[in-house]
Amino acid sequence: MENFFSILGGMGTMATESFIRILNQRTQAHNDQEYLNYVMFNHATVPDRTAYILDHKQDNPLPYLLDDIKKQNVLKPDFIVLTCNTAHYFFDELQGATEIPLLHMPREAVTEVEKHHQPGEKIAVLATEGTITAKVYQNELEAKGFEVLVPDKELQGKVNHLIYQDVKENDYINSELYLEILSDVFEKYGCQNAVLGCTELSLVQELTENVPYSVIDAQSILADRTIELALKNRSSI
């Protein structure tokens, strides 16, 4: 297969399925041949990224991810899409293991923030405790001059419940809790926007109707960037 990219997903599987669905829906295709060429790595058994970031005695996901990169090096895709936000904690090690470019989801999301907001505005980061602890988004946002709201214990507890108990454990789209979280962010804490820095949150955003707030959905932005780059590579042949 020529002119293809690879997707390193499975963290989690339902969120990866959401990414694929968005990718295919947004691809302007009128026949089979106009869709994008890609290879899907749904590596569901990668150890929990947040568990390791919070406690390095837990199983380290990095060797598993490096093995995936090794396998993708053999296939030689044009680029690699890493669909797990928390896994970007290991981004430098993963990129260092291959000459194939990896898309950096947090940086793509922050680039989108810059299009709509001025430095100094307050942007919330909604993500796993691992992503928050690793400052995957905080560092990118602060480097561009934004004030970052890191959820307090109460708000993070709501985010954790939505990600883990609702989506990951029960495949439950808890739109009521999601809208409550957004209300806290915009009304209680006075943020100008919120970055959805977890693909489970992106899944809930996708399937929740009539969301009254505009958010920066990192997975959605990554899908658009993937399509843009894939079509650019195709047209250059």
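Preceding block: the structure.
Only a predicted model underlies this, so the values are computations on that prediction, with no experimental measurement involved.

Caption draft 1: Quick look at the packing of aromatic side chains. If you walk through the whole model with that rule in mind, you get 5 aromatic pairs. For the ring pair F5 and F79, a centre distance of 5.0 Å and an interplane angle of 10 degrees mean the geometry is stacked. Taken together, the positions of F5 in strand β1 (residues 5-9) and F79 in the loop between α3 (62-75) and β3 (80-82) put the pair 74 residues apart, joining distant regions of the chain. A relative accessible area of 1% means that F5 is categorised as buried. Taken together, a centroid distance of 4.7 Å and an interplanar angle of 15 degrees make the contact between F186 and Y213 stacked. With F186 in helix α9 (residues 175-188) and Y213 in the loop between α10 (199-207) and β8 (216-217), this residue pair connects regions lying 27 residues apart in the sequence. Y213 matches F186 in its accessibility class, with the two residues each being buried.

Caption draft 2: The arrangement of the environment of K188 in detail. Summarising the element assignment, K188 is placed in helix α9. Residue K188 is classed as exposed on the basis of its relative accessible area of 52%. Those residues within four positions of K188 in sequence are excluded, and the remaining contacts are E154 and S183.

Cut-off values and rules
- Residues numbered from 1 in each chain as written.
- Predicted model: local features only at pLDDT ≥ 70, side-chain atom pairs only at ≥ 80, totals over all residues.
- Heavy atoms only, no water.
- Phe/Tyr/Trp six-rings, centres within 6.5 Å; stacked < 30°, edge-to-face > 60°.
- Helix = DSSP H or I, 4+ residues; strand = E, 2+ residues; numbered from the N terminus.
- Buried < 20%, exposed > 50% of the residue type's maximum accessible area, 1.4 Å probe, protein only.
- Contact = heavy atoms within 4.5 Å.

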